[in-house]
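Each chain is listed here by its residues.
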Amino acid sequence: MMLCNQYSIFWMKKMTNNIYLETNSGLIEYLNSNYTSDTLFIIDSNLSDINIDEKVNARVSYFEIKEDTKNLASVEKIWDLLFEQNLNRSSEIVIIGGGVLLDVCAFASSTFKRGISFSFVPSTLLSMVDASHGGKNGFNNTYGKNQIGTFTLPERVIICYELLDTLHIDNYKDGLIELIKHGMIANEKIFNSMITQAGFNVDFETIKQGINVKMNIVNEDFLEGNKRKLLNFGHTVGHIIEKDSNYEVTHGQAVAMGIYYELLISKEQLGLPKDIINSYLNYLNKIEYNYKYNFLSNSKKLIEILKHDKKSSKENVDIVLLYEIGNPKVINLTFNELIEVIQN
């Protein structure tokens, strides 16, 4: 385990460099100053309106992808693109978009000719505070979410605050859930700020604090042997909801409900104060998110979904609970124990 931790810290310090920029014009200036015309930019088709392709001095390809097409077919399309562009192992790719595009393109890049360099420009709040950091990438299959993937770090993560102006409000809210999750497991200041402010838009400093929560955890445990599991708070139940809904429920909405269910278990198992649950429910009410989900599948089917969770063993699953804000614990529950809670 010590060797794993040393390995993790070494690679994080060596390879990942976060760049923070305020404006889109600053982003374009940075990209043109740091990448050559040989660089391939793969850009989410949702960003076509801001005409990045007309402003960067590089090759550009737009790519359309959604959660329900986050699959091997999309990976193969990216591989085809890389071959068509005659990329080699010394080439560079810049991926600009949301978490789904980043995940799929990073997997394709990390496996193309055994790996070529890539950097991220996350365009959604969710990808800024979560998906672009930590080196996880991959795609979904019939057995669940992100079942196939690698741990491969980007060279750079370039976070541009003004890109958030391109987001639909629902996509923005999805990112708020990952941000408040970071606060709940490791930074009470983030949690208190988000639940007490009148509106729900967050400033750049709060985003940076959320990123630091994830980076600090990943620096200690890159390959998720122990502490990195804390980042799964809300996700064990959340992923069940996503799969049960056939991904009709967004990731953020599913994790929001997953956090609620895991807070209930925290109260029962660890004595989490009820006022924390109430504060969280008030926050969900403020952003107009549901906290309960009506499962479509029976217990047997839900257990089958749970068996394919990457945190599961033969009959048990690791789940993150809270003693209080900033004091999480990973515990092990049987499948039946967890399913009983979420169905009742």
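The following paragraphs examine the structure supplied in this document. (Residues numbered from 1 in each chain as written. Predicted model: local features only at pLDDT ≥ 70, side-chain atom pairs only at ≥ 80, totals over all residues. Heavy atoms only, no water.)

## Digging into the packing of helix α6 (residues 169-186) against helix α7 (residues 188-196)
At a minimum axis distance of 6 Å, the contact between α6 and α7 shows a crossing angle of 135°. As judged from the angle between their axes, α6 and α7 are oblique. Relative to α7, α6 is oriented so that their crossing is left-handed. The residues of α7 that touch α6, namely those facing Leu176, Leu179, Ile180, Gly183, Met184 and Ala186, are Glu188, Ile190, Phe191, Met194 and Ile195. (Axes fitted to C-alpha atoms, helices over the stretch in contact; angles between N-to-C directions. Helix = DSSP H or I, 4+ residues; strand = E, 2+ residues; numbered from the N terminus. Parallel < 35°, antiparallel > 145°, perpendicular 65-115°, else oblique. Left-handed = near helix turned anticlockwise from the far one by under 90°. Contact = heavy atoms within 4.5 Å.)

## A short note on the packing of aromatic side chains
One pass over the full model with this rule turns up 13 aromatic pairs. For the ring pair Tyr260 and Tyr261, a centre distance of 5.7 Å and an interplane angle of 55° mean the geometry is tilted. For the pair formed by Tyr260 and Tyr261, the shared burial category is buried. Each member of the aromatic cluster is reached from another via a ring pair, and the members are Tyr260, Tyr261, Tyr291, Tyr293 and Phe295. Residue placement shows Lys208 over the ring face of Tyr20; its charged tip is 5.3 Å from the ring centre. Residue placement shows Lys208 over the ring face of Phe204; its charged tip is 4.8 Å from the ring centre. (Phe/Tyr/Trp six-rings, centres within 6.5 Å; stacked < 30°, edge-to-face > 60°. Buried < 20%, exposed > 50% of the residue type's maximum accessible area, 1.4 Å probe, protein only. Lys NZ or Arg CZ within 6 Å of the ring centre and 35° of its normal.)

## Here we look at helix α8 (residues 204-220)
The end-to-end C-alpha separation of α8 is 25 Å, in line with the 24 Å expected for 17 residues at 1.5 Å each. All of the buried residues along α8 are Phe204, Thr206, Ile207, Gln209, Gly210, Ile211, Val213, Lys214, Met215, Ile217 and Val218. (Expected span 1.5 Å × (residues − 1).)

## Some thoughts on empty space enclosed by the protein
According to the stated counting rule, one finds one cavity of 30 Å³ or more in the structure shown. Taken as a whole, the largest cavity encloses approximately 120 Å³ of empty space. Lys145, Gln147, His239, Ile305 and Asp309 are the residues nearest the centre of the largest cavity, which is lined by 14 residues in total. Among the elements of the structure, β7 (144-151), α9 (235-244) and α12 (299-307) are those that each provide at least two residues to the lining of the largest cavity. No other element matches the four residues that α9 contributes to the lining of the largest cavity. A class-by-class count of the residues in the lining of the largest cavity yields four nonpolar, five polar and five charged. (1 Å grid on protein atoms, 1.4 Å probe; cavity = no way out; pocket = protein on both sides within 12 Å on 5 of 7 lines; lining within 4 Å. Points joined across faces, edges and corners; volume = space filled by probe spheres on them. Nonpolar A, V, L, I, M, F, W, Y, C, P; charged D, E, K, R; others polar.)

## Points about the pattern of salt bridges
Applying the stated rule across the entire model yields ten salt bridges. We note a salt bridge from Glu242 to Lys145, for which the minimum N-O separation is 3.4 Å. Taken together, the positions of Glu242 in helix α9 and Lys145 in strand β7 put the pair 97 residues apart, joining distant regions of the chain. There is no split in this pair, since Glu242 and Lys145 are both buried. Where Glu220 meets Lys227, a salt bridge forms, and the shortest distance between an N and an O atom there is 3.1 Å. Of the residues examined, Glu220 reaches a relative accessible area of 39% and is grouped as partly exposed. (Salt bridge = Lys/Arg side-chain N within 4 Å of Asp/Glu carboxyl O.)

## Some words on the packing of α7 against helix α11 (residues 274-286)
Close contact between α7 and α11 brings their axes to 9 Å; oriented N to C, the two are set at 50°. Classified by the interaxial angle, the pair formed by α7 and α11 is oblique. Where α7 crosses over α11, the two elements pack in a sense that is left-handed. Of the residues in α11, those touching α7 at Phe191, Met194 and Ile195 are Ser279, Tyr283 and Lys286. For the contact of α7 with α11, a count of residues per class yields four nonpolar, one polar and one charged.

## Remarks on the pairing of strand β6 (residues 136-141)
Relative to β7, β6 is paired through five bridges, and the arrangement is antiparallel. Across the sheet, the residue bridging to Gly138 is Gly149, located in β7. (Pairing = 2+ DSSP bridges.)

## Topic: unusual backbone geometry
Phi is positive for Lys113, which is not a glycine, with a value near 50°. Within the element layout of this structure, Lys113 appears in the loop between α4 (99-111) and β5 (117-122). Despite not being glycine, Glu224 has its phi angle at roughly 60°, a positive value. Looking at the element boundaries, Glu224 is found in the loop between α8 and α9.

## As for the side chain of Thr206
Structurally, Thr206 can be placed in helix α8. Discounting chain neighbours no more than four positions away, the residues touching Thr206 are Leu179 and Ile190.

## A short note on the pairing of β5
Of all six residues in β5, six are buried, a share of seventy percent or more. Neither face of β5 is open: one carries Ser117, Ser119 and Val121, the other Phe118, Phe120 and Pro122, and all of them are buried. Between the parallel pair strand β4 (residues 92-97) and β5, the chain is carried across by α4, and the sense of this crossover is right-handed. (Right-handed = clockwise from strand over helix to strand, strands pointing away.)

## Brief notes about the environment of Ile177
Tracing the backbone shows Ile177 in helix α6. For Ile177 and Lys227, which are 50 residues apart along the polypeptide, the C-alpha to C-alpha distance reads 20 Å. Once residues within four sequence positions are removed from consideration, Ile177 is found in contact with Gly252, Val255, Ala256, Ile259, Tyr280, Leu284, Ile287 and Tyr289.

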